[in-house]
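Listed below, chain by chain, are the residues.
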Amino acid sequence: QVQLVESGGGLVQAGGSLRLSCAASGRTFSTIAMGWFRQAPEKKRELVAYISRRGTTYYTDSVKGRFTISRDNAKNMVYLQMNSLKPEDTAVYYCAGDLTPGALIAGTGDYWGQGTQVTVSS
């Protein structure tokens, strides 16, 4: 139903900003919850943020106040604006989607992007 393609990763200095973009194909995009996950070396994959089909958002404690997730259903796009980046934000970031936020919380999204590397230097 949905295919996801990510862009926007790269290398940035601590304190800088990046915006990740996820372009979705498929006519059911507006009906699903979307989220961003990340996985750092030697760490488990974690849910960074999600946004429901109606716009309800969630953020993990470590990024609250710094990251903002948003979606544009008319354009089939989801974004993650990352400000005040820290070296501990370094990870591969994945765009994911599923019918419910609960599935994303459980880490079992039905749709996944290819991942994009974010590296924050100190």
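Note that this is a predicted model, so its numbers are computed, not measured.

Calculation notes
Residues numbered from 1 in each chain as written. Predicted model: local features only at pLDDT ≥ 70, side-chain atom pairs only at ≥ 80, totals over all residues. Heavy atoms only, no water. Phe/Tyr/Trp six-rings, centres within 6.5 Å; stacked < 30°, edge-to-face > 60°. Helix = DSSP H or I, 4+ residues; strand = E, 2+ residues; numbered from the N terminus. Buried < 20%, exposed > 50% of the residue type's maximum accessible area, 1.4 Å probe, protein only. Pairing = 2+ DSSP bridges.

Participant: So what's going on with the packing of aromatic side chains? Residues and values would help.
Facilitator: This model, assessed by the stated rule, comprises 3 aromatic pairs. Pairing Phe37 with Trp112 gives two aromatic rings, centres 4.9 Å apart and planes at 45°, and the pair type is tilted. Of the two residues, Phe37 sits in strand 4 (residues 33-39) while Trp112 sits in strand 10 (residues 111-112), which places them 75 residues apart along the sequence. A relative accessible area of 2% means that Phe37 is categorised as buried. Taking relative accessible area as the criterion, Trp112 reaches 29% and is therefore assigned partly exposed. Judged by centre distance (5.3 Å) and plane angle (20°), the ring pair of Tyr50 and Tyr58 falls under stacked.

Participant: Summarise the pairing of strand 8 (residues 77-82); cite the residues concerned and give the values.
Facilitator: Here is the key point about a regular strand: its side chains alternate between the two faces of the sheet. With respect to burial, strand 8 is a largely interior element, 5 of its 6 residues being buried. Note that strand 3 (residues 18-25) and strand 8 share 6 bridges and pair antiparallel. Each residue of the ladder has a partner; that of Leu20, found in strand 8, is Leu80. The pairing of strand 7 (residues 67-72) with strand 8 spans 6 bridges and is antiparallel. Residue pairing across strands places Ile69 opposite Leu80, the latter belonging to strand 8. If you look at the hairpin formed by strand 7 and strand 8, you'll find 4 residues sitting between the two strands, and Asn76 has a positive phi there, around 55°.

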